[in-house]
Amino acid sequence: MINFELKNIPDMIFGRGTEARCGELLKSFGGTKALIHHSGEPFVQPLIEKVKQYLTEAGMEFAELGGVVPNPRLSKVYEGIELCRKEKCDCVLAVGGGSVIDSAKGIACGVPYDGDVWDMYRMVVTPEKVLTLGVISTFSGTGSECSCASVVTNEKTQLKLSIDDNPLVRPAFCILNPELTYSVPPMQTASGASDIMSHLVENFCTATPDVYMNHQFLIAGMKTVLKNAPIAVREPDNYAARSALAATAPFAISGLLRIGLVGDWACHLMEHEMSTEWNVPHGLGLAIITPVWMRYVYKRNVSLFAKLAVELFGIEYDFDCPERTALAGIDALSEWFQSIGMPRTIREFVDGDTSEATLRRMAARIDYPLEGHKTGFAFAISAEDVVNIYKLAL
């Protein structure tokens, strides 16, 4: 286990009716006028009207900006920064899922900054001051309500980049009322659950030694998603299942379930390019690419993947051929993704250009942080490996 510090976790307010506290919470952090940021989709509008009422009752003024789309755009962040400055908003309230929250984080970072907020995503500068950000989560998946990262896409350059591992980017508080996720359609519910599962798998696949306790935390999270995601897809208003997903999502990414280790994270980088190129929902793309990546790298640590098979799916360990155990676990995970409605291959969902030239362009856009122009902190892979994985996922 490596050294770690666990701090700056947002205040988490969980349960029925908790969204009514948004005004008092923003005021407790010094807010006086909020930018309400959301997608503008019809299903969220009744909640937005209630949020306006809650802010008014708390004596707070507000401005409003909708229009966030999946894989949030830099142009919307710019629009929010300009509106905040014009309206003199001193805090931001994100009402929505990961895309809304990531966009709101960009706005909160950009308002106090004199330069271009894209500088932060390009890692030219780091945020030094941000507006207070509160979150009312309506979607269980990315865990952005608790994370210290923001991912946006620059439409002009087709780059999807992140502000990452900066505590200032964490929301001050997040409100998690599982009932607010009831209206999320089955496909999006499954996509969010796939994102949670991928976060847990990426952290389980680590090169950090002596992580027995950490692995048990991660297995518990995976089993929770494994059990409750199918229920939430079948029964949208099942409070127990929605609660389990809503609680697991932030813990999977915030650090609580991954303390003391470094996950691999190559799958997320590969999927970001899928989202940019084909506008694939993030969790859906991860459901496709994760099992393919696992089959590509498992021979480098057969015992790790066999352990996942045994502990997550209860597969009997094959002492004569541990590889069979590892592959059986990977197959089981792939089948689980499909059982909740996720596609197995890229072409099942994508109607765009999947030529080799496109795949190579996508691979070239990835930021390769490791020596030798590689990515993947547990199983380092090159750009050529990335192209091969994309091909296998087609």
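Refer to the structure printed above.
For clarity, every value in this text was computed on a predicted model and none was experimentally measured.

## So, the overall build of the protein
- In terms of regular secondary structure, the protein is built from 14 helices and ten strands.
- Compactness check: the protein gives a C-alpha radius of gyration of 20 Å against a globular reference of 21 Å for 394 residues, within 12% of the reference.
- Here the C-alpha coordinates of the protein stretch approximately 70 × 45 × 45 Å along the principal axes.
- By residue count, 58% of the 394 residues in the protein fall in the buried class.
- Look at the contacts in the protein between residues 6 or more apart in sequence, and 76% of them connect residues 24 or more apart.
- Accessible surface computed for the protein: about 15900 Å², of which carbon and sulfur atoms make up 52%.
- Distance from the positive charge centre (35 side chains) to the negative charge centre (47 side chains) of the protein: 1 Å.

## Focus: the packing of helix 13 (residues 356–365) against helix 14 (residues 383–393)
- Relative to each other, helix 13 and helix 14 sit at 135 degrees, their axes nearing to 9 Å. In terms of orientation, helix 13 and helix 14 fall into the oblique class. You can see that helix 13 and helix 14 cross each other, and the crossing is right-handed. The segment helix 13 lies against helix 14, with Glu356, Leu359, Arg360, Met362 and Ala363 engaging Ala383, Glu384, Val386, Val387, Tyr390 and Lys391.

## A short note on the pairing of strand 2 (residues 33–37)
- Most of strand 2 is tucked away: five of the five residues are buried.
- Where burial is concerned, the two faces of strand 2 agree: the one with Lys33, Leu35 and His37 and the one with Ala34 and Ile36 are both buried.
- Both strand 2 and strand 3 (residues 61–65) contribute to a ladder of five bridges, which runs parallel. Note that in strand 3 the partner of Ile36 across the bridge is Glu64.
- Pairing analysis gives four bridges linking strand 2 to strand 4 (residues 91–96), with the strands arranged parallel. Note that in strand 4 the partner of Ile36 across the bridge is Leu93.

## Some remarks on the pairing of strand 8 (residues 173–176)
- Every second residue of strand 8 is oriented toward a common face, with Phe173 and Ile175 on one face and Cys174 and Leu176 on the other, all of them buried.
- In this structure, strand 5 (residues 132–137) lies alongside strand 8, joined through four bridges in parallel fashion. Each residue of the ladder has a partner; that of Gly134, found in strand 8, is Phe173.

## Describing the packing of helix 6 (residues 186–204) against helix 8 (residues 239–254)
- Two elements in contact, helix 6 and helix 8, have axes separated by 10 Å at closest approach and are oriented at 40 degrees. For the element pair helix 6 / helix 8, the angle class is oblique. For the crossing formed where helix 6 meets helix 8, the hand is left-handed. Residues Thr189, Ile196, His199, Leu200 and Asn203 of helix 6 form the contact with helix 8, whose own contacting residues are Arg242, Leu245, Thr248, Ala249, Ala252 and Ile253.

Scoring rules and cut-offs
Residues numbered from 1 in each chain as written. Predicted model: local features only at pLDDT ≥ 70, side-chain atom pairs only at ≥ 80, totals over all residues. Heavy atoms only, no water. Helix = DSSP H or I, 4+ residues; strand = E, 2+ residues; numbered from the N terminus. Rg over C-alpha atoms; globule rule 2.2 N^0.38 Å. Buried < 20%, exposed > 50% of the residue type's maximum accessible area, 1.4 Å probe, protein only. Contact = heavy atoms within 4.5 Å. Areas by Shrake-Rupley, 256 points an atom, 1.4 Å probe, with all protein chains shown as cover. Lys, Arg positive; Asp, Glu negative; His and termini not counted. Charge placed at Lys NZ, Arg CZ, Asp CG, Glu CD. Axes fitted to C-alpha atoms, helices over the stretch in contact; angles between N-to-C directions. Parallel < 35°, antiparallel > 145°, perpendicular 65-115°, else oblique. Left-handed = near helix turned anticlockwise from the far one by under 90°. Pairing = 2+ DSSP bridges.

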